[in-house]
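These are the residues of each chain, in order.
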Amino acid sequence: NCQAVNCDGNCQCPSVNTPIGATCTLECIGDDECIDARLTCRSGDPCVVVCNGGSSCKGNFVLDVNGATDVTITCQGTDACQNANMECGSGACVMNCLGSGTACDFGTIGGVAGASSFQCQGSECTGSLNGQEKTADPT
């Protein structure tokens, strides 16, 4: 099960009539589509955020995972996620950095320590993301 929300500024995953465990995808497609916006995931479910376009999630952009489990963030395009404040959930946290070398030039990434794993994928992993990887603690 999957739900997709096309965002143009602030948006959130719907919580009404949603199957448990359904992945919610928040999409900011196009140049400047979600600059300075706040995107909110759904508690207890996986969340996918797609920032595809020049400066699509730039500036004072905030991702509020809101208790989400697995979180996947894709930044594609020049300055797509520049200075954005991203956050990991309690499960796997994956950053996909595609396109311009500034696509994943985040401001902050919170919650990495609480995620079960963290990985930055793509040739454009920059700054503090460069080569950073965390795997689940063996128990």
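Residues numbered from 1 in each chain as written. Predicted model: local features only at pLDDT ≥ 70, side-chain atom pairs only at ≥ 80, totals over all residues. Heavy atoms only, no water.

## A closer look at the pairing of strand β9 (residues 92-98)
How we decide: The cut-offs for exposure are 20% and 50% of the maximum accessible area for each residue type, with area from a 1.4 Å probe on protein chains only; residues under the lower value are buried, those over the upper are exposed, and the others partly exposed. The numbering of helices and of strands both runs from the N terminus, where a helix is a DSSP run of H or I of at least 4 residues and a strand a run of E of at least 2. Two strands are said to pair when DSSP picks up at least two bridges between them.
Taking burial as the measure, the seven residues of β9 include five buried ones, the bulk of the element. Alignment of strand β7 (residues 71-76) against β9, held across six bridges, turns out to be parallel. Looking across to β9, one finds that Thr 74 is bridged to Asn 96. When β9 meets strand β11 (residues 117-121), the two strands line up parallel, connected through five bridges. Paired with Ala 92 across the strands is Ser 117, a residue of β11.

## Looking at the environment of Val 49
Let me state the cut-off plainly: In what follows, residue pairs with any heavy atoms lying within 4.5 Å of each other are defined as contacts.
Secondary-structure assignment places Val 49 in strand β5 (residues 47-52). Sequence separation between Val 49 and Thr 72 is 23 residues; the distance between their C-alpha atoms is 6.2 Å. In contact with Val 49, other than residues within four places in its own chain, are Leu 26, Leu 39, Leu 63, Thr 72, Ile 73 and Thr 74.

## A short note on the pairing of strand β1 (residues 2-6)
Taking every second residue as pointing to the same face, the buried face of β1 carries Gln 3 and Val 5, while none of Cys 2, Ala 4 and Asn 6 on the other face is buried. Where β1 meets strand β3 (residues 23-29), five bridges bridge the pair, whose relative direction is parallel. Across the sheet, the residue bridging to Asn 6 is Glu 27, located in β3.

## A word on the pattern of salt bridges
Selection rule: What makes a salt bridge here is a side-chain nitrogen of Lys or Arg within 4 Å of a carboxyl oxygen of Asp or Glu, nothing more.
Inspection of every chain in the model, using the stated rule, returns two salt bridges. The residue Arg 38 makes a salt bridge to Asp 64 at a minimum N-O spacing of 3.3 Å. Pair noted here: Arg 38 is in strand β4 (residues 38-40) and Asp 64 is in strand β6 (residues 62-64), with a separation of 26 residues, a long-range link. With relative accessibility at 21%, the residue Asp 64 sits in the partly exposed group.

## Digging into the state of the cysteines
Linking two cysteines covalently through their sulfur atoms gives a disulfide. For clarity, the cut-off: Only a pair of cysteine sulfur atoms within 2.5 Å qualifies as a disulfide here.
Taken as a whole and assessed by the stated rule, the structure comprises eight disulfides. Here Cys 28 is linked by a disulfide to Cys 34, with a sulfur-sulfur distance of 2.1 Å. Since a negative S-S torsion denotes a left-handed disulfide, the Cys 28-Cys 34 link at about -90 degrees is left-handed. The exposure class assigned to Cys 28 is buried, which follows from its relative accessible area of 0%. Residue Cys 34 is classed as buried on the basis of its relative accessible area, which comes to 0%. Paired by a disulfide, Cys 41 and Cys 47 hold their sulfur atoms 2.1 Å apart.

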